[in-house]
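Inside the fold
If you want the building blocks of each chain, they are given just below.
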Amino acid sequence: KGEGGGLTAPRLSDQPGIYRIAAAGGAMERVAKGGTAPHFGNRNDRLFFTESGQNKRLLVSTDQNGEAKRSHASGELTTIYEVSPDGTNFAFRQNYEAFVMPLMPGVQEVSASPSGGPLPVTKVSSGGADYIHWSNDGGALHWAIGPTLFSARTDAFYPNAPLAKDAKPAKFEPPKAGVSLSM
């Protein structure tokens, strides 16, 4: 539930936040007072969402009651996070481009940036990325640029085995063409 203001009316903007409701219906329960893009992880026991804090965006999760909060990743120029359904990776958008990196188990926060630090990071888009989402239980990542939909298989993001001593790593090449949608 968002707040009004700016271009939207401030009516009905009391108690903004992320809410949950049983699939069978019932009363809404607020899980978090802020945050955007809520989604479940691989076991549906944690709710992941993007939160702002300390001049950066964070990938955080809570249990179903909004407790046991953890911060998984942070980035100064990151705008959105999306955890894969199998819980092994997460996608993020920075400077309008989509990137993917492994989701580490536990409570250690990692830096979400194109450089990645000690974790591998793969730039999956070229020319922008909107509506980033996963399918096939995390086996594919999709994004759009205007009316064109792009897809990439997750198994192509990282090398499968250690490299030989003088070998150069294979570079993931973002898809050049997609499916154009028209209305």
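The structure we're discussing is the one just above.
Residues numbered from 1 in each chain as written. Predicted model: local features only at pLDDT ≥ 70, side-chain atom pairs only at ≥ 80, totals over all residues. Heavy atoms only, no water.

**Thoughts on the overall build of the protein**
Just so we agree on the cut-off: Only DSSP runs of H or I covering at least 4 residues are called helices, and only runs of E covering at least 2 are called strands; the numbering of each starts at the N terminus. A 1.4 Å probe rolled over the protein chains alone gives each residue an accessible area, and that area as a share of the maximum for its type sets the label: buried under 20%, exposed over 50%, partly exposed in between. Whether two residues touch is decided by their heavy atoms; if any such pair falls within 4.5 Å, the residues are in contact. To measure how exposed things are, a 1.4 Å probe is used in the Shrake-Rupley method; for residues, cover is taken only from the protein chains shown.
Counting its secondary structure elements, the protein contains zero helices and 15 strands. Classification of the 183 residues of the protein by burial places 38% in the buried group. Expressed as a percentage of contacts within the protein between residues at least 6 apart in sequence, the contacts between residues at least 24 apart total 35%. Accessible surface for the protein amounts to roughly 11300 Å². Of this, 54% is attributable to carbon and sulfur atoms.

**Considering the sheet that holds strand β8 (residues 89–94)**
To be explicit about the condition: One requirement defines pairing of two strands: DSSP has to find at least two bridges between them.
Sheet architecture is open: four strands sit in the order β7-β8-β9-β11, paired in antiparallel fashion. The outermost strands of the open sheet, each flanked by one partner alone, are β7 (78–83) and β11 (122–123). Across six bridges, the pairing between β8 and strand β9 (residues 97–102) is antiparallel. Considered in β9, the bridge of N89 is made with P102.

**Some words on the layout of surface pockets**
To be explicit about the condition: Lining residues are those with an atom within 4 Å of a point, where the points come from a 1 Å grid over the protein atoms alone and group into cavities, where a 1.4 Å probe fits but cannot get out, or pockets, open sets with protein on both sides within 12 Å along at least five of seven lines. Grid points are joined across faces, edges and corners, and a volume is the space filled by probe spheres set on the points. Under the scheme applied here, ten amino acids are nonpolar (Ala, Val, Leu, Ile, Met, Phe, Trp, Tyr, Cys and Pro), four are charged (Asp, Glu, Lys and Arg), and all others, including Gly, are polar.
Taken as a whole, the largest pocket spans an internal volume of roughly 260 Å³. If you trace the largest pocket, you find 13 residues lining it, with N42, R43, F48, R70 and L103 closest to the centre. Of all the elements in the fold, those that place two or more residues in the lining of the largest pocket are β4 (46–53) and β6 (70–75). Here the residues of the lining of the largest pocket sort into four nonpolar, five polar and four charged.

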